[in-house]
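A closer look at the structure
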Amino acid sequence: MAIWKTIDWSLTSAHKEPLISPPSSSKIIISVVSLSNRRFLLVNSSTNSPISYPSLETSTKNDLLTLQLDSQSQQNLFLDEGNSNEFLCKLCKDPQTESVAFQYYEKAKDRPGYRPNQLVFKLLLRYLIKHKQWNSVSSLAKDFQDFQIFPDVITCSKLVSGCMKARKFNIAENLLGIFESNQDIAVSAFNSAMKGYNKLHMYSSTILVYNRMKSARISLDLDSYYQTLEAFYRTGNTEEVLFLFKELQSQNFDTNKIYTQIYLVLCNSLGKSGRAFEALDFFNEMKGKGVVEDSLIYSSLISSFASIREVQIAEEIFEEAKEKKLVRDPALFLRLVLMYVEEGLVEKTLQVVETMKELDIRVSDCIFCAIINGYSRKRGLNDAIKVYDELISQGYEPGQVTYASIINVYCRLGLYEKAEVVFAEMESKGFVKCVVAYSSMVSMYGKIGRLREAMKMVAKMKERGCEPNVWIYNSLLDMHGKVPNLRQVEKIWKEMKRRKVTPDKVSYTSVIYAYSKARAFDESLKFYEEYRFNGGSIDRAMAGIMVGIFSKNNRIDELVKLLQDMKADGAGLDLRLYRSAMNALRDAGLEDQAKRFEESFDSINTPNREPNRPVQNIWVRKLPVEP
């Protein structure tokens, strides 16, 4: 192939013929790149077709002259010794030539005596990372070690960060091995790796990087300690957090903003492990050192004491934060509300709402719902409705969760019209995919015998893309089973299977009861056997139904086995179930079994009962048992 030499050539000079005639049948791209007072020709050539040459007076905006022929090009670089790095930098900085810069670098690298500099590495890396050419990045990284020339600290840090963002963990790990020999670069690069792993929630990998730093005797800076503390905290290793924090304190770093984040991690870790008082001690130590206080640390401390129900201390810290105007975390108020509910101080939850209003913090749907549920549990359903109405009158807006809770309250009180009104209001605000609200409404319609409305409700939720769950299917099975409408029961059961909704104990109990009520005992037994085969345990509701089925079909062996299974499962008997089992055994002429059953029942379930004293019924079944 023809070789071109460096020449001093003005593009505005008169027309000149090419110095060397290119081979016939070829494609040639000739680019002229200005460098100081010289111009370099970049020649790309391959064989195949004849060429024609335009006037050399024609040039591009960037001093590039291109002569093109008709086949694929192969690039060659012709450089003066001593100008290679300057030439490569020129290529990297020009958008029209940066794409071929790495190829020219590879050719220049093979020349004897060539040594790249930091700027060449920096510019090449910038292009390769931008265009995700990771194989080339790996190749270039090896040259760092071979030439013992590294990019600047910032470039190395960005290189590792880029690998982490692109999930190129192997390349990042190889880079860390290359940078280990340079202390300044290593600290920054390892920090970037740990920060990348933490962002991806790969905390175990962060800890491995930390251990690697310790093995390589790379000194940790504050950022290194912070990233490692965060990883240990996220993995629940409070002891390592404490150990590393004490190690950090012995280093005597200057206090700066990152210290606040470090104390936050420490307080979070201690608080979540139930060591709120230790967290408070470290917080007081932090204030004594003059470290900048942060609203998140106050939130962490208040939450820690709220979780262990130290109401007074939580309130004192809250008031301190409020005075310093460091109450900004909305989640903090939810924790206070939950604390008051658990302690039975539900009236104070309304004080929390007033404080939020003073601080111009929006009362979230979760807080609204927690208050309603708190009053429902601790003060009763009617008080929950009164508080709901009071908060609505003050202008607070309920969300989907609160609507679902208050609908459930109305349904439990039998205020069905109110429930329908609130449900319609919820729909008008666009909350049309709340499974809990649909479940309450379907159950309500089933209780009052409005089966058609229940089915319409289920159809409506399906149209809106809201999939029925097992609770809704259980309500449908129960309401149709009581009629009994076996056709609908079978249809609902098949739909559950088709939608891959796994039936639970209530589902099987409802289906078995439906077939039993319709006197389809064989079907009942089939579902019972399927339930037991799948590992289902027997409770009193299930046992009550099956005792009736076994008794009516004179299947005494199965009845005895059922009673034995109940004994093994630790399930007790109520009065009606006890009498049904005794009558079934006596009617079958099994007096001995009946006597043993009575003795067994007395010793397990009523050890203090006087002889011949009737068993007290202390359990109310959800489903009726056939007499």
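Residues numbered from 1 in each chain as written. Predicted model: local features only at pLDDT ≥ 70, side-chain atom pairs only at ≥ 80, totals over all residues. Heavy atoms only, no water.

Labelled according to an unreviewed UniProt entry, the protein appears under the name Pentacotripeptide-repeat region of PRORP domain-containing protein, originating from Papaver somniferum. Under the UniProt heading Sequence similarities (unreviewed entry), the entry covering the protein gives this text: "Belongs to the PPR family. P subfamily." (UniProt positions renumbered as here; feature names shortened; annotations may be inferred.)

Describing the pattern of salt bridges
One pass over the structure, following the stated rule, counts 33 salt bridges. Between E239 and R275 there is a salt bridge whose closest N-O contact spans 2.9 Å. With a gap of 36 residues between them, E239 in helix α10 (residues 238-249) and R275 in the loop between α11 (257-272) and α12 (276-289) connect regions that are remote in the sequence. Residue R275 is classed as partly exposed on the basis of its relative accessible area of 21%. The salt bridge partner of E342 is R309, with a shortest N-O separation of 3.1 Å. Remark: R309 occurs in the loop between α13 (295-307) and α14 (311-323) and E342 occurs in helix α15 (residues 330-342); sequence separation between them is 33 residues. Judged by relative accessible area, which is 41%, R309 ranks as partly exposed. Taken together, the shared-partner salt bridges connect K287, E293, E320 and K324 into one network. (Salt bridge = Lys/Arg side-chain N within 4 Å of Asp/Glu carboxyl O. Helix = DSSP H or I, 4+ residues; strand = E, 2+ residues; numbered from the N terminus. Buried < 20%, exposed > 50% of the residue type's maximum accessible area, 1.4 Å probe, protein only.)

Some remarks on a positive patch on the surface
Together, K90, K93, K122, R126, K130 and K158 make up a region of like positive charge exposed at the surface. Among the secondary structure elements, those contributing two or more residues to the positive patch are α1 (84-93) and α3 (118-130). Residue contributions to the positive patch peak at three residues, all from α3. Examined against the element boundaries, K93 turns out to sit in helix α1. For K93, a relative accessible area of 56% translates into the label exposed. (Patch = residues over 30% accessible without salt bridge, like charges linked within 9 Å, V, L, I, M, F, W, Y side chains within 5 Å. Areas by Shrake-Rupley, 256 points an atom, 1.4 Å probe, with all protein chains shown as cover. Lys, Arg positive; Asp, Glu negative; His and termini not counted. Charge placed at Lys NZ, Arg CZ, Asp CG, Glu CD.)

Notes on the UniProt feature "repeat: PPR" (unreviewed entry) in the protein
Sequence positions flagged by UniProt for "repeat: PPR" (unreviewed entry) are, in local numbering, residues 294-328, 364-398, 399-433, 434-468, 469-503 and 504-538. End C-alpha atoms of residues 434-468 are separated by 10 Å, and the span's content is 74% helix alongside 0% strand.

Some thoughts on helix α18 (residues 381-393)
When the terminal C-alpha atoms of α18 are compared, their 19 Å separation across 13 residues agrees well with the 18 Å that a helix rising 1.5 Å per residue should span. Within α18, burial applies to L381, A384, I385, V387, Y388 and L391. End-on view of α18: buried residues confined to an arc of 165°, all on one side of the axis. Exposed residues on α18 whose side chains face more than 90 degrees from its buried face are K386 and S393. On its buried face, α18 sits against α16 (347-358), α17 (365-378) and α19 (400-413). Positioned one or two residues after α18, G395 has a phi angle of 95°, which is positive. (Expected span 1.5 Å × (residues − 1). Arc of directions from axis to C-beta. Contact = heavy atoms within 4.5 Å.)

Quick word on the packing of aromatic side chains
Across all of its chains, the model carries 23 aromatic pairs by this definition. Relative to Y263, the ring of F245 has its centre 5.2 Å away and its plane inclined at 70°; by these criteria the two rings are edge-to-face. In this pair, F245 sits in helix α10 while Y263 sits in helix α11, placing the two residues 18 residues apart along the sequence. Judged by relative accessible area, Y263 falls into the buried class, the value being 0%. Ring geometry for F277 versus F305: centroids 5.1 Å apart, planes at 85°, classification edge-to-face. Of this pair, F277 sits in helix α12 while F305 sits in helix α13; the two residues are 28 residues apart in sequence, bridging distant segments of the chain. Residue F305 is classed as buried on the basis of its relative accessible area, which comes to 0%. By way of ring pairs, the aromatic residues F102, Y105, Y114, F121, F144, F150 and F179 are connected into one cluster. Over the aromatic face of F527 sits the side chain of K526, whose NZ or CZ is 5.2 Å from the ring centroid. (Phe/Tyr/Trp six-rings, centres within 6.5 Å; stacked < 30°, edge-to-face > 60°. Lys NZ or Arg CZ within 6 Å of the ring centre and 35° of its normal.)

Some points on α3
Taking 1.5 Å per residue as the helical rise, α3 with its 13 residues ought to reach 18 Å, and the 18 Å between its terminal C-alpha atoms agrees with that figure. Looking only at α3, the buried set comprises V120, F121, L123, L124, L125, Y127 and L128. As for α3, its buried residues are in contact with α1, α2 (101-109), α4 (134-147) and α5 (153-165). At the N-terminal end of α3, a side-chain oxygen is found 3.2 Å from the backbone nitrogen of L119, two or three residues along, and the residue is N117. (Polar contact = N/O pair within 3.5 Å; in protein donor to acceptor, adjacent residues only side chain to side chain.)

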